Amino acid sequence: MRASILGLLFSLAVWSSAAPALVIYTEDWPPITFQRNGVADGMAVEVVREIQSRIRDNSPIEVVPWARGYKELLTNPGVMLFTVGRSEARERQMTLLGPIAVSQTVLLARKGEAAKLLALGAGIYQRPVGAYRGSIFADAASAAGFVEVDLAPTPQITAQKMLLGRYDMWVEGGFVVASVLKDIHQPPDAVEVVRVLESLELYLAFSRGTPGDEVRRWQDGFAAIKKDGTFKRIYNKWLPRDAAPLEIRLIGVPPASLH
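Residues numbered from 1 in each chain as written. Predicted model: local features only at pLDDT ≥ 70, side-chain atom pairs only at ≥ 80, totals over all residues. Heavy atoms only, no water.

### Some details on the pairing of strand β6 (residues 94-110)
- Within β6, 15 of the 17 residues are buried, which leaves it mostly tucked inside the rest of the structure.
- Here four bridges tie β6 to strand β11 (residues 249-252), and the two strands are oriented antiparallel to one another. Paired with Leu 97 across the bridge in β11 is Leu 250.
- By the bridge criterion, five bridges tie β6 to strand β9 (residues 169-173) in an arrangement that is antiparallel. By the bridge assignment, Val 106 is partnered in β9 with Glu 172. (Buried < 20%, exposed > 50% of the residue type's maximum accessible area, 1.4 Å probe, protein only. Helix = DSSP H or I, 4+ residues; strand = E, 2+ residues; numbered from the N terminus. Pairing = 2+ DSSP bridges.)

In structure tokens:
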């Protein structure tokens, strides 16, 4: 009995001290992902931690600027970044597991100005818009036909610049607009929706070269929390007015050991 206990304690010690299997990054994009008192938090963070508990993964979650996390994802194996919007271009660059959420990409204007902008017809695409650098929202603005897309390092700076009149519109994920405005001490009705540009699925993204068995572990853990209702409970806690996506998809670049 004593030998069994010692063996179990040794196994736990080895597991807890082992090098993390992945380097995990997320960004400051509340309420989906953010940092509270130096600790990662948010809907997607809670989901990721629940998966980690199921697969016994001890990789820390680091909150970094989006541009840094995205660069690491594109250049190094063994990196996971969340949440990442699905696009055809990204499916050729990374492995995507999800969806973890479905967001609307919205075009926003200062309060009282949406009707005036819509009245421009096709001329609206000549008006300047803002988005944060490296985001899929900047890509969405360009894809929609806007010819002048101003890039800022964070959603908060983007919102501030629009409200100060630096440009007419702001492209962002609908989930986070209220939180971004709160961060910059603006009321929720400081902006209004001009148009919904697209519906956007958000994923956990694994870099090219990440081992296939590691990705499969995450897929199994994600499937387990979706099947037993844990994912839906977490999703509805943070996003009570939205329907939780319950399907599981693994798309994009095949993980390394699956070649």
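The discussion continues.
### Focus: the layout of surface pockets
- When its volume is computed, the largest pocket comes out at roughly 420 Å³.
- Lining the largest pocket are 16 residues, and of these Gly 174, Phe 175, Leu 239, Arg 241 and Asp 242 lie nearest its centre.
- Elements represented by at least two residues in the lining of the largest pocket include exactly β6, α8 (177-183) and α10 (230-238).
- By residue number, the principal contributor to the lining of the largest pocket is β6, which donates four residues.
- Here the lining of the largest pocket is composed, by residue class, of ten nonpolar, four polar and two charged. (1 Å grid on protein atoms, 1.4 Å probe; cavity = no way out; pocket = protein on both sides within 12 Å on 5 of 7 lines; lining within 4 Å. Points joined across faces, edges and corners; volume = space filled by probe spheres on them. Nonpolar A, V, L, I, M, F, W, Y, C, P; charged D, E, K, R; others polar.)

### Regarding the packing of aromatic side chains
- Throughout the structure, instances matching the rule amount to eight aromatic pairs.
- Arranged with centres 5.8 Å apart and planes meeting at 25°, the rings of Trp 29 and Phe 137 form a pair that is stacked. One end of the pair, Trp 29, is in the loop between β1 (23-26) and β2 (34-36); the other, Phe 137, is in helix α6 (residues 136-144), and 108 residues separate them in sequence. Residues Trp 29 and Phe 137 agree in their burial class; the two are buried. (Phe/Tyr/Trp six-rings, centres within 6.5 Å; stacked < 30°, edge-to-face > 60°.)

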